[in-house]
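# Architecture and fold: a report
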Amino acid sequence: ETGVTQTPRHLVMGMTNKKSLKCEQHLGHNAMYWYKQSAKKPLELMFVYNFKEQTENNSVPSRFSPECPNSSHLFLHLHTLQPEDSALYLCASSQFSIGTGTSASEQFFGPGTRLTVL
Amino acid sequence: AQSVAQPEDQVNVAEGNPLTVKCTYSVSGNPYLFWYVQYPNRGLQFLLKYITGDNLVKGSYGFEAEFNKSQTSFHLKKPSALVSDSALYFCAVTGGGADGLTFGKGTHLIIQP
């Protein structure tokens with residue numbers, strides 16, 4: 001496998017279910033991201049991990065819980081979601097510059113998980 | 001706070017004609033600017049970026065973009081459009097640091113045969 005992979009590609013869940021989205025990057029990057037893409041809304045950054053440490057949480061509800069066990073894997077744990085959480089969830093990775101403390105490199109995206117909450 | 005504006009929801013261009021997709025941005029400090037393309041049921045694909053240097057940046061599939069600091073713009077261009085260029089295009093900006101990108105809402109580009 002190359003690039004960024006996400007599983008599952010499609011997920012339908014009820015509001016009381018617990019599920020997890022998985023992302024894996026094969027690019028040797030040290031930063032990973034979760035984004036939410038809803039119809040007619042800009043792409044929303046949810047979580048950022050640099051060197052496995054979470055550095056940003058854009059006021060995401062606690063029903064979304066990220067986990068980054070190593071620099072190649074990223075999970076998004078879901079519980080008691082609402083129908084408005086239905087969206088395409090995209091994972092991305094990039095190389096964060098240690099020396100300059102910047103993320104000027106491009107992000108590589110996975111194909112996304114299409115989530116439907118009933 | 002950083003922000004991106006893509007003023008057009010949709011751009012229609014005839015095949016073979018030049019195309020422009022507009023983007024303006026707001027950021028503290030020097031901007032790092034990106035263009036991405038998204039085809040149906042796919043993730044975003046990187047097209048090009050401006051970090052520093054020449055204002056005209058060339059990228060994948062014959063696309064280019066021009067950085068204009070005074071107008072805070074980073075418009076995407078292509079001299080001759082192809083039907084296969086039809087997709088959703090996103091402009092994005094970061095001011096550096098450990099932040100992720102801030103994306104515009106996207107512009108649907110439709111190339112008519």
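For the structure given in this document, a descriptive report is provided here. (Residues numbered from 1 in each chain as written. Chains lettered and ligands numbered in written order. Predicted model: local features only at pLDDT ≥ 70, side-chain atom pairs only at ≥ 80, totals over all residues. Heavy atoms only, no water.)

## Digging into the overall build of chain B
When helices and strands are tallied, chain B shows zero helices and 12 strands. Going residue by residue from the N terminus, the α and β elements of chain B occur as β-β-β-β-β-β-β-β-β-β-β-β. For chain B, whose C-alpha radius of gyration is 13 Å, the value lies close to the compact-globule estimate of 13 Å for 113 residues. Along the first, second and third principal axes, the C-alpha set of chain B runs to 40 × 30 × 20 Å. Across chain B, contacts joining residues at least 24 apart in sequence account for 57% of those joining residues at least 6 apart. In the form shown here, chain B has an accessible surface area of approximately 5,200 Å², with 49% of it arising from carbon and sulfur atoms. In chain B, which carries 8 positive and 8 negative side-chain charges, the distance between the mean positions of the two groups comes to 2 Å. (Helix = DSSP H or I, 4+ residues; strand = E, 2+ residues; numbered from the N terminus. Rg over C-alpha atoms; globule rule 2.2 N^0.38 Å. Contact = heavy atoms within 4.5 Å. Areas by Shrake-Rupley, 256 points an atom, 1.4 Å probe, with all protein chains shown as cover. Lys, Arg positive; Asp, Glu negative; His and termini not counted. Charge placed at Lys NZ, Arg CZ, Asp CG, Glu CD.)

## Digging into the nonpolar core
One finds Leu19, Trp35, Leu47, Leu48, Phe74, Leu76 and Tyr89 of chain B to be the most contacted residues of the largest nonpolar core, which totals 27 residues. Among the elements of the structure, β2 (10-14), β3 (19-21), β5 (32-38), β6 (44-50), β8 (64-68), β9 (73-78), β10 (87-94) and β12 (107-112) of chain B are those that each provide at least two residues to this core. Ranked by residue count, the leading element in this core is β10 of chain B, at four residues. Setting aside its immediate chain neighbours within four residues, leucine 76 of chain B contacts Leu19, Thr20, Val21, Trp35, Leu47, Leu48, Phe63, Glu64, Ala65 and Tyr89 of chain B. Formed by 22 residues, the second largest nonpolar core is a distinct cluster that contains Met13, Met46, Leu81 and Ala87 of chain A. (Core = buried A, V, L, I, M, F, W, Y, C linked by side-chain atoms within 4.5 Å. Buried < 20%, exposed > 50% of the residue type's maximum accessible area, 1.4 Å probe, protein only.)

## Section: the interface of chain A and chain B
One frequently used descriptor of interface size is the decrease in accessible area upon assembly of the parts. Every contact between the two is made by 24 residues of chain A and, on the other side, 23 residues of chain B. Both faces considered, chain A and chain B share a buried interface measuring about 1,600 Å² in area, 55% of it formed by carbon and sulfur atoms. The tally of links between chain A and chain B comes to one salt bridge. Linking chain A with chain B are four residue pairs in polar contact (both at pLDDT 80 or more). Elements that contribute at least two residues to the side of chain A that touches chain B include exactly β4 (31-37), β5 (44-50), β6 (53-57) and β9 (87-94) of chain A. A class-by-class count of the residues in the side of chain A that touches chain B yields 12 nonpolar, nine polar and three charged. (Buried area = accessible area lost by both parts, 1.4 Å probe. Salt bridge = Lys/Arg side-chain N within 4 Å of Asp/Glu carboxyl O. Polar contact = N/O pair within 3.5 Å; in protein donor to acceptor, adjacent residues only side chain to side chain. Nonpolar A, V, L, I, M, F, W, Y, C, P; charged D, E, K, R; others polar.)

## Overview of the state of the cysteines
What makes a disulfide is a covalent bond joining the sulfur atoms belonging to two cysteines. Residue and element names in this part refer to chain A. Applying the stated criterion across every chain, the model contains two disulfides over all chains. The residue that forms a disulfide with cysteine 23 is cysteine 91, at a sulfur-sulfur distance of 1.9 Å. Handedness of the cysteine 23-cysteine 91 disulfide follows from its S-S torsion of about -70°: it is left-handed. A residue pair is termed long-range when its members are at least 10 positions apart, and cysteine 23 in strand β3 (residues 18-25) and cysteine 91 in strand β9 qualify at 68 residues. (Disulfide = S-S within 2.5 Å.)

## Observations regarding the side chain of serine 94 of chain A
All names here are of chain A. Here serine 94 lies in strand β9. For serine 94, a relative accessible area of 0% gives the class buried. There is a polar contact of 2.7 Å between the side chain of serine 94 and the side chain of tyrosine 33.

## Some remarks on the pattern of salt bridges
Residue and element names in this part refer to chain B. The full count for this structure, using the stated rule, is six salt bridges over all chains. Across the pair lysine 105 and aspartate 9 runs a salt bridge, and its minimum N-O distance is 2.4 Å. Separated by 96 residues along the polypeptide, lysine 105 in the loop between β11 (102-103) and β12 and aspartate 9 in the loop between β1 (3-5) and β2 bring together distant segments of the chain. On the basis of relative accessibility, which here comes to 37%, the residue lysine 105 falls in the partly exposed class. Residues glutamate 64 and lysine 58 are paired through a salt bridge, measuring 2.9 Å at the closest nitrogen-oxygen approach. A relative accessible area of 63% places lysine 58 in the exposed class.

## With respect to the sheet that holds strand β8 (residues 73-79) of chain A
Residues and elements named next belong to chain A. One open sheet holds the four strands; their spatial order is β1-β3-β8-β7, and the pairing between them is antiparallel. The sheet is open, and its two edges are formed by β1 (4-7) and β7 (64-70), each paired on a single side. Pairwise comparison of adjacent strand axes, ignoring direction, gives a mean angle of 20° for this sheet. Bridge analysis of β1 against β3 gives four bridges, and the strand direction is antiparallel. Its bridge partner being in β3, valine 4 is matched across the sheet by glutamine 25. (Pairing = 2+ DSSP bridges. Axes fitted to C-alpha atoms, helices over the stretch in contact; angles between N-to-C directions.)

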